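Descriptive structure summary
Spelled out from the first residue to the last, the chains are:
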Amino acid sequence: MPNTQMKKGEDTHHMEEEKTALQQRVNELRELLDQQDADLAKLRNERNQTVRKLKRTKLDMAIPSQDVLKLARNVGPMEDVFFNKVGEDLAAIEEIIQTILDVPLKARKAIPQFMITNMGSRGVRLDNYAEIIVEAELLDNCELGEKGTIVDIEVQKEDNCDHEFRVYYNGASMIINRTPAKTDFQDLPHAVVIYISAFDPFKEGKVFYETVKVDKESKNPRRSPVRELYANTKNLDKASEDKHQNVRKVAALMKMFRDPDWYDDQFPEFTRRKKELHETEGGVEEVSKELQLLIDQEVEKTNRRNAEEIKQRDEKIKQRDEKIKQKDEEIKQKDEEIEKIKRRKDMEMDHSRIDTIRIIKEKLNLTTQQAMNWLGLSDDQQARYVSMV
C-alpha cells in the first residue's frame, strides 16, 4: 500500500509539473497574442491614415480652373505642357532644328508626344518627332540622310537617368520604327536626337555638345546612323565667349527655352509661337488644357499608388489576422489540455482519498462519516465521496 501511495504521489507531482508548463506556454501565447493585437491595431491605423491621405490628395490636387490658367501663363518651353504646344507648330520646330544643326532644312512633319511601341521590349515616347529634308548639295557636310532624316527633340529638366543611353535608345527606336521589312542596311533612315536639358549632362561647362563616333586607335571618325546633340540652359553665360558663332546662337535659343518671358528676334517663328501661347487667350487656353491633363494624370497616378499601398496594408492585416487565429487556436488547444490534466488530477486525487478513507475505516474501526471527519474533508467533499466509498 505505501508503494501505491508513493506512485500516486509521483503521478500527481508529474501532472502538476505538466500543468504548470502548459500554463506557462499559454501565458506566453497570450502575451504574443496581445502584441499581435497591438500590431494589428497599428496596421489598421496606418491603413486608415493612407485612406485619409488618398481622400486629401484628391481634394488638394483639385486645382481651380482660374489657378490653372494662371499657371499656364508662367510655364515655358522647358515644361512638357508648353513644349507640346510648340511642337504642334511646324515652322517653330523647323527653326529650332535648323539652329541646332546649323544647316538650311525643311521640316515636313512634327508630332509632339510621339509614341513608339517596340514589341516585346521597352517602348519610348518622344517629346517631339519630326521629319526633315536638306538640300542635296549640303548633305555631304551635315551627315543627314539623302531621302530625309527623322528627328527627336527631347526636353529634360531633371537629371535623373542615364541621358546618353536614353538618347541612343531613342535614336535606335526611331530607325527601327521607320524601317520597312527587308530594307537594305545602307538604306536605313538617318536619325538625329536633340537633347535639351536644364543641366549640363557632361559637366564640362559647355552649352552645346555633339557626340561623335571615332576609331579608338586612329581617332578617325566612323559613320553612325544616329547623330546625338546636346544643348543645355545652364551654361549660357560662358557661351557668350565661345569662338563658334553657331554655339552663341544655340545659347541664345536656350535662353528662350529657359526664360518663359524672354523673346529673341533671331528666332521669329519660335518667338511668334511663344507669344501666342503666353499672350493670346486661345494660346493660354491650349496650355492650360495640357496642364490640366497633366494634373489629372498625376492625380490618377497618386491615387493608383495610394490604392496599391492600401491593398498591401490590407494584405498585411489579413496575414496578421490569420496568424492571430492560429495563435487563438493554439491557446484553445492548450487550454483543453490543461483542462484534461486538471480532470485527470482530480480523478487521481479522488481515488487516492477514497483509498485513504477505506484504510482509516479499517485500521481505526470508524464509520465513513467519522473517517472523513478525521481527514478534515469539507461538507462538499464528504457529500461527493460518501457514495464512492
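Report follows, based on the coordinates. (Residues numbered from 1 in each chain as written. Predicted model: local features only at pLDDT ≥ 70, side-chain atom pairs only at ≥ 80, totals over all residues. Heavy atoms only, no water.)

A word on the overall build of the chain. A tally of helices and strands in the chain yields twelve helices and six strands. Counting every position in the chain, which comprises 389 residues, the buried fraction comes to 38%. Excluding contacts between residues fewer than 6 apart, the proportion of contacts in the chain whose partners are at least 24 apart in sequence is 65%. When the accessible area of the chain is evaluated, it comes to approximately 24000 Å², of which 48% is carbon and sulfur surface. (Helix = DSSP H or I, 4+ residues; strand = E, 2+ residues; numbered from the N terminus. Buried < 20%, exposed > 50% of the residue type's maximum accessible area, 1.4 Å probe, protein only. Contact = heavy atoms within 4.5 Å. Areas by Shrake-Rupley, 256 points an atom, 1.4 Å probe, with all protein chains shown as cover.)

Our next topic: unusual backbone geometry. For D102, which is not glycine, the phi dihedral falls at a positive 60°. Mapped onto the elements, D102 comes out in the loop between α4 (90-101) and β1 (105-116). One non-glycine residue, N365, adopts positive backbone phi at about 55°. With respect to the secondary-structure elements, N365 resides in the loop between α10 (281-364) and α11 (368-374).

Ranked by internal contacts, the top residues of the largest apolar core, which has 48 residues, are I96, I97, I100, I153, I194, M254 and F257. Counting residues per element, this core draws most heavily on helix α8 (residues 245-258), which supplies eight residues. (Core = buried A, V, L, I, M, F, W, Y, C linked by side-chain atoms within 4.5 Å.)

Further remarks concern the pattern of salt bridges. With the rule as written, the count across this model stands at 23 salt bridges. Residue D159 is joined to K203 by a salt bridge in which the shortest nitrogen-to-oxygen separation is 3.6 Å. In this pair, D159 is assigned in the loop between β3 (149-156) and α6 (163-177) and K203 in the loop between β4 (190-197) and β5 (208-211), connecting sequence segments 44 residues apart. A salt bridge links R304 to E300, with the shortest nitrogen-to-oxygen separation between them at 3.7 Å. Residue R304 and its partner E300 are located together in helix α10, separated by four residues, close to a single helical turn. A relative accessible area of 39% means that E300 is categorised as partly exposed. Several salt bridges share partner residues, and in doing so they unite K85, E88, D89, E269, R272, R273, E276, E286 and E290 into one network. (Salt bridge = Lys/Arg side-chain N within 4 Å of Asp/Glu carboxyl O.)

A word on the packing of α4 against helix α9 (residues 268-279). Relative orientation of the contacting elements α4 and α9 amounts to 135°, with a least axis distance of 8 Å. Comparing the axis directions of α4 and α9 gives the class oblique. Along this stretch, α4 crosses α9, giving a crossing that reads as left-handed. Judged by residue contacts, A91, A92, E95 and I96 of α4 engage P268, E269, F270, R272 and R273 from α9. When its residues are assigned to classes, the contact of α4 with α9 shows five nonpolar, no polar and four charged. (Axes fitted to C-alpha atoms, helices over the stretch in contact; angles between N-to-C directions. Parallel < 35°, antiparallel > 145°, perpendicular 65-115°, else oblique. Left-handed = near helix turned anticlockwise from the far one by under 90°. Nonpolar A, V, L, I, M, F, W, Y, C, P; charged D, E, K, R; others polar.)

Geometrically, a pair of aromatic rings is defined through the distance of the ring centres and the angle of the planes. Following the criterion strictly, the structure yields six aromatic pairs and no others. An angle of 20° between the planes, with centres 4.5 Å apart, marks the rings of F114 and Y129 as stacked. With F114 in strand β1 and Y129 in strand β2 (residues 124-134), this residue pair connects regions lying 15 residues apart in the sequence. With a centroid separation of 5.9 Å and an interplanar angle of 65°, the aromatic rings of Y195 and Y230 are classed as edge-to-face. Residue Y195 is found in strand β4, and its partner Y230 is found in strand β6 (residues 226-232); the two are separated by 35 residues along the sequence. You'll find Y195 and Y230 in the same group, each marked buried. Over the aromatic face of Y263 sits the side chain of K275, whose NZ or CZ is 5.3 Å from the ring centroid. (Phe/Tyr/Trp six-rings, centres within 6.5 Å; stacked < 30°, edge-to-face > 60°. Lys NZ or Arg CZ within 6 Å of the ring centre and 35° of its normal.)

Let us now look at the side chain of S288. Checked against the element boundaries, S288 lands in helix α10. Judged by its relative accessible area of 6%, S288 falls in the buried class. A polar contact of 2.7 Å, which involves the side chain of S288, links it to the backbone oxygen of E285. Each residue touching S288, except ones within four places of it in the same chain, is listed here: V68, L69 and A72. (Polar contact = N/O pair within 3.5 Å; in protein donor to acceptor, adjacent residues only side chain to side chain.)

Time to look at the pairing of β6. Judged by how many residues are buried, β6 sits mostly within the fold: seven of seven residues are covered. Burial along β6 is two-sided: V226, E228, Y230 and N232 and R227, L229 and A231, pointing in opposite directions, are all buried. Taken together, the four bridges between β5 and β6 define a ladder with antiparallel strand orientation. For T211, the partnering residue across the bridge sits in β6 and is E228. (Pairing = 2+ DSSP bridges.)

Here the focus is a nonpolar patch on the surface. A surface patch of nonpolar side chains, amounting to about 310 Å² of accessible area, comprises L364, W374 and L375. Positionally, L375 belongs in the loop between α11 and α12 (379-385). Using a relative accessible area of 31% as the deciding quantity, one classes L375 as partly exposed. (Patch = residues over 30% accessible without salt bridge, like charges linked within 9 Å, V, L, I, M, F, W, Y side chains within 5 Å.)

Turning our attention to the packing of α9 against α10. One can describe the packing of α9 onto α10 by two numbers: an axis separation of 5 Å at closest approach and a directional angle of 80°. By the criterion of interaxial angle, the relationship of α9 to α10 is roughly perpendicular. Between α9 and α10, the residues in contact are R273, E276, L277, H278 and E279 and E281, G283, V284, E286 and V287, respectively. In the contact of α9 with α10, the residues fall into three nonpolar, two polar and five charged.

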